[in-house]
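An overview of the molecular structure
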Amino acid sequence: MSHPTEDRLRRLYASFAGGNLAGFLAGCTDDVTFTVPGDTAGSGVFTKDSFVEWITGVIGMTGGTFREDVLDVLANDEHGVLLLHHAFDRDGQHRTYETAHVCQLRGGLISAWEERPGSLREFEEAWGRRA
């Protein structure tokens, strides 16, 4: 039997995959932060208010080819970890890498989200370093 938070995170990620950004954000606190490591155009710390502009810009870099496959979810009342495979095309090349999204939860909602790629080098190569 899975933890209710695991099921909730899977539903939120399914909303995101289906293009329902509002549905994904409904599962986040108003003060949520999204932290992306590295030195890429998509790196930084983002808020709920800046999420849509940030994520549409990142996905736009892939010409709409971005795919995120949830490999596994581990969760309890306070934390969730999603193991993921990302694949997309950018600059005429197919890119892939493995990553984890680490979530802190408050009241059943994501209050902090952090990308933790398996290899920062592969992550930065996939997305391209900032100019």
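For the structure itself, look to the data block above.
Residues numbered from 1 in each chain as written. Predicted model: local features only at pLDDT ≥ 70, side-chain atom pairs only at ≥ 80, totals over all residues. Heavy atoms only, no water.

Another point: the overall build of the protein chain. Helices and strands together make up the secondary structure of the protein chain, namely four helices and six strands. Shown N-terminal to C-terminal, the secondary structure of the protein chain runs as helices and strands in the order α-α-β-β-α-β-β-β-β-α. Here the C-alpha radius of gyration of the protein chain, 14 Å, is about what a compact globule of 131 residues would show, namely 14 Å. Counting only C-alpha atoms, the protein chain reaches 40 × 30 × 25 Å along its principal axes. Contacts in the protein chain between residues far apart in sequence, at least 24 positions, make up 49% of those at least 6 positions apart. (Helix = DSSP H or I, 4+ residues; strand = E, 2+ residues; numbered from the N terminus. Rg over C-alpha atoms; globule rule 2.2 N^0.38 Å. Contact = heavy atoms within 4.5 Å.)

Time to look at the side chain of Arg 90. Locating Arg 90 in the fold gives a position in strand β4 (residues 79-90). Residue class for Arg 90 comes out buried when judged on its relative accessible area of 9%. Those residues in contact with Arg 90 that sit more than four places away from it in its chain are Met 61, Arg 95, Glu 125, Ala 126, Trp 127 and Gly 128. (Buried < 20%, exposed > 50% of the residue type's maximum accessible area, 1.4 Å probe, protein only.)

Within the largest apolar cluster, 29 residues are counted, with the highest numbers of intra-cluster contacts made by Phe 24, Phe 34, Phe 51, Trp 54, Ile 110, Trp 113 and Trp 127. Of all the secondary structure elements, the ones that give two or more residues to this core are α1 (4-17), α2 (21-25), β1 (28-36), α3 (48-60), β4, β5 (93-106), β6 (109-117) and α4 (120-127). Setting aside its immediate chain neighbours within four residues, Phe 24 contacts Leu 12, Tyr 13, Ser 15, Phe 16, Phe 34, Phe 51 and Ile 110. (Core = buried A, V, L, I, M, F, W, Y, C linked by side-chain atoms within 4.5 Å.)

Secondary-structure assignment places Arg 95 in strand β5. Reaching out from Arg 95, the side chain makes a polar contact with the backbone oxygen of Glu 125 at a distance of 3.0 Å. Non-local contacts of Arg 95, meaning those with residues more than four positions away in its chain, are made with His 86, Ala 87, Phe 88, Arg 90, Glu 125 and Ala 126. (Polar contact = N/O pair within 3.5 Å; in protein donor to acceptor, adjacent residues only side chain to side chain.)

Moving on: the pairing of β4. In this structure, strand β3 (residues 67-75) lies alongside β4, joined through eight bridges in antiparallel fashion. In the sheet register, Ala 75 faces β4, and the bridge partner there is Gly 80. Hairpin connection between β3 and β4: a loop of three residues separates the two successive antiparallel strands. One ladder, built from twelve bridges, connects β4 with β5; its direction is antiparallel. Paired with Phe 88 across the strands is Arg 95, a residue of β5. Counting the residues in the hairpin turn of β4 and β5 gives two residues, including Asp 91, whose phi is positive at 55°. (Pairing = 2+ DSSP bridges.)

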